[in-house]
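Here is how the chains run, residue by residue.
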Amino acid sequence: MPKLILFDLCLLKHSISQCYTTAFNKTDQSYILVLHFWLMGKKNIEIAGPSDGTIEMLKKAYALEMSAFHYWFYIDQYAEGLGFLHSDFYSESANDELEHAKKVALRLDQLGAKATDNPQDWAEVSGLGNLEPGNHVTLRSALEHALEFERIAIEHYNELASSTQGKDHITYHLALDLVSDEAKDEQDIEDILDKLEIS
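Remember, it's a predicted structure, so these values are computed and weren't measured experimentally. (Residues numbered from 1 in each chain as written. Predicted model: local features only at pLDDT ≥ 70, side-chain atom pairs only at ≥ 80, totals over all residues. Heavy atoms only, no water.)

**Some words on the overall build of the chain**
The following threshold applies: For helices the rule is a DSSP run of H or I covering at least 4 residues; for strands it is a run of E covering at least 2, with both sets numbered from the N terminus onward. Burial here depends on accessible area, computed with a 1.4 Å probe over protein chains only, as a share of the maximum for the residue type. Under 20% is buried, over 50% is exposed, and the range in between is partly exposed. Contacts were defined at the residue level, with two residues in contact if any of their heavy atoms lie within 4.5 Å.
Counting secondary structure elements, the chain contains eight helices and zero strands. For the chain, the N- to C-terminal ordering of α and β elements is α-α-α-α-α-α-α-α. Within the chain, buried positions represent 41% of all 199 residues. Residue pairs in contact within the chain that sit at least 24 positions apart in sequence constitute 76% of those at least 6 positions apart.

This is the structure we're talking about:
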């Protein structure tokens, strides 16, 4: 089969860079690899089963993470003091949320779907509304507001895990991984707020 046809087949389920790198490898083995990746994509979706609900939950998760990323990024630029927080707290929080978004986007891609591409839609899709970070640039306000959306994320990933358990193992384990991270973030924020109470 010509490489261009294999490349097109691969693009049905995988990224351009993945297909290009594999399809146009100079070895004859590239033919087998591209077809193998394409079949893996089909099997992945077949195993996941009817996934409309899962895809919508993943799209919501992506919007949640990107909204949270922007919130922390904005706070990092305009925060009115760090108190006793280390200097990279806000930027690290932003990067953590961005990494979560990347994982969710990858899973959507594996399921043949795309993340919400319009930042203006994130507020609605996430269910968070406009986080308005400009109204929360003081330490206490920034953390208290963040605690609210961290808890929403925890609830969402718990629901995603419950809905995919025993059906879609990849999404299920992704949800477990993310809910664990969000629970840790929640605890960290609560601990900081407790210190503020007694300082």
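**Concerning the packing of helix α4 (residues 52-78) against helix α7 (residues 139-164)**
Convention followed: Axis definition: a line fitted to C-alpha atoms, limited for helices to the stretch in contact. Angles are taken between N-to-C directions and run from 0 to 180 degrees. Just so you know how the angles are binned, under 35 degrees is roughly parallel, over 145 roughly antiparallel, 65 to 115 roughly perpendicular, and the rest oblique. Crossing chirality is assigned from the near helix's rotation relative to the far helix, an anticlockwise turn below a right angle marking it left-handed and a clockwise turn marking it right-handed. Charged means Asp, Glu, Lys or Arg here, nonpolar means Ala, Val, Leu, Ile, Met, Phe, Trp, Tyr, Cys or Pro, and polar covers whatever is left, Gly included.
Look at α4 against α7: their axes get within 11 Å of each other, and the N-to-C directions meet at 160°. Relative to α7, the element α4 lies roughly antiparallel. Between α4 and α7 the crossing geometry is left-handed. The residue inventory of the contact of α4 with α7, partitioned by class, reads 16 nonpolar, six polar and four charged.

**Brief notes about the pattern of salt bridges**
For clarity, the cut-off: The rule for a salt bridge is simple: a side-chain nitrogen of Lys or Arg has to be within 4 Å of a carboxyl oxygen of Asp or Glu.
If you walk through the whole model with that rule in mind, you get eight salt bridges. With a closest N to O distance of 3.0 Å, Asp 109 and Lys 114 form a salt bridge. Residue class for Lys 114 comes out exposed when judged on its relative accessible area of 58%. Salt bridges sharing common partners tie together Arg 151, Glu 186 and Glu 190.

**Quick look at the nonpolar core**
The line we're drawing: Nine residue types can take part in a nonpolar core, namely buried Ala, Val, Leu, Ile, Met, Phe, Trp, Tyr and Cys, and a core is a set of them joined through side-chain atoms within 4.5 Å.
Counting 46 residues, the largest nonpolar core has Tyr 71, Trp 72, Val 104, Leu 143, Phe 149 and Tyr 157 as the members making the most contacts within it. Going through the elements one at a time, α4, α5 (89-110), α7 and α8 (169-198) are the ones with two or more residues in this core.

**Here we look at α5**
Put simply, the rule reads: Every helix has an expected span of 1.5 Å times one less than the residues it contains.
Look at α5: 32 Å from first C-alpha to last across 22 residues, which is about the 32 Å you get at 1.5 Å a residue. Of the residues making up α5, those classed as buried are Phe 89, Tyr 90, Ser 93, Ala 94, Glu 97, His 100, Ala 101, Val 104, Arg 107, Leu 108 and Asp 109. Looking one or two places after α5, you find Gly 112, whose phi comes out positive at around 80°.

**Examining unusual backbone geometry**
Most peptide bonds take the trans form, and the phi angle of most residues other than glycine is negative. A positive phi angle is found at Glu 132, which is not glycine, with a value near 45°. Looking at where Glu 132 falls in the secondary structure, it is placed in the loop between α6 (122-126) and α7. Glu 132 sits in the partly exposed class, given a relative accessible area of 40%.

**Some points on the packing of aromatic side chains**
Stated formally: The pairing test for Phe, Tyr and Trp rings, Trp by its six-membered ring, is centres within 6.5 Å, and the orientation test on the planes gives stacked under 30 degrees, edge-to-face over 60, and tilted for anything in between.
The tally for this structure, following the rule as stated, stands at eight aromatic pairs. Relative to Trp 72, the ring of Tyr 71 lies with its centre 5.6 Å away and its plane at 80°, an arrangement referred to as edge-to-face. One exposure class covers both Tyr 71 and Trp 72, and it is buried. Between Phe 89 and Tyr 90, the ring centres sit 5.7 Å apart and the planes meet at 70°, which makes this aromatic pair edge-to-face. For Phe 89, a relative accessible area of 13% corresponds to the buried category. Tyr 90 sits in the buried class, given a relative accessible area of 1%.

**What to know about the side chain of His 145**
Note the following rule: Whenever a nitrogen or oxygen atom comes within 3.5 Å of another N or O atom, the pair is scored as a polar contact, on the condition that within protein one atom can donate a hydrogen and the other can accept it, and that pairs from neighbouring residues in sequence are kept only if both atoms are in side chains.
Of note, His 145 is situated in helix α7. At 3.0 Å, the side chain of His 145 forms a polar contact with the backbone oxygen of Leu 131. Setting aside its immediate chain neighbours within four residues, His 145 contacts Tyr 71, Leu 131 and His 136.

**Some points on the environment of Gln 77**
Within the element layout of this structure, Gln 77 appears in helix α4. Remark: the alpha-carbon pair of Gln 77 and Ser 91, spanning 14 residues in sequence, is separated by 8.8 Å.

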